[in-house]
Amino acid sequence: MALARKVRDINKRLVGVSVRNQREGLLEITRLIAEVDDKRGPEVLKACEKEGIIARLVLLTRDYLPDAAAEVYYINLCLSSLTNLAFFWRSASHSSCPGPSGGA
């Protein structure tokens, strides 16, 4: 349950109007996703899906693209998070653990 709460708190930063808070939230979610072990991967995936973080990462990536040279660090954070979440989705869809909503 603590993991879901962390994800929810980070999401509040990601959807805020402050660019600084968004970037801090992006760094936090990237760290959280990268540090979670394979057993908790499906849990963090579900929490991110529930909070809308996956869609938010895609939107942030799109927002950073027009100035890609200056924003490459943040684009890489988004892509790293999405890649790790995709790995957890793939792992969950091939195990006995229920995968994210929408199925495999």
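Data block above holds the structure.
Residues numbered from 1 in each chain as written. Predicted model: local features only at pLDDT ≥ 70, side-chain atom pairs only at ≥ 80, totals over all residues. Heavy atoms only, no water.

Chemist: Which residues make up the packing of aromatic side chains, and what values do they have?
Modeler: What the rule picks out here adds up to 3 aromatic pairs. Ring centres of Tyr64 and Tyr74 lie 5.8 Å apart, and the angle between their planes is 35°; on these two criteria the pair is classed as tilted. Of this pair, Tyr64 sits in helix H4 (residues 53-64) while Tyr74 is found in helix H5 (residues 68-93), placing the two residues 10 residues apart along the sequence. Here the aromatic residues Tyr64, Tyr73 and Tyr74 are joined through ring pairs into a cluster of three or more. Across from the ring centre of Tyr74, 4.3 Å away, lies the NZ or CZ of Arg23, which sits over that ring. (Phe/Tyr/Trp six-rings, centres within 6.5 Å; stacked < 30°, edge-to-face > 60°. Helix = DSSP H or I, 4+ residues; strand = E, 2+ residues; numbered from the N terminus. Lys NZ or Arg CZ within 6 Å of the ring centre and 35° of its normal.)

Chemist: Quick one: what's the story with the nonpolar core, residue by residue and with numbers?
Modeler: Counting 22 residues, the largest nonpolar core has Val7, Leu26, Ile29, Val44 and Cys48 as the members making the most contacts within it. At the level of secondary structure, the elements contributing two or more residues to this core comprise helix H1 (2-14), helix H2 (19-35), helix H3 (41-51), H4 and H5. Counting residues per element, this core draws most heavily on H5, at 5 residues. Other than its neighbours up to four places away in sequence, Val44 contacts Leu3, Val7, Leu32, Ile33, Val36, Leu85 and Phe88. (Core = buried A, V, L, I, M, F, W, Y, C linked by side-chain atoms within 4.5 Å. Buried < 20%, exposed > 50% of the residue type's maximum accessible area, 1.4 Å probe, protein only. Contact = heavy atoms within 4.5 Å.)

The quantities given are spatial measurements derived from coordinates; they are silent on function.
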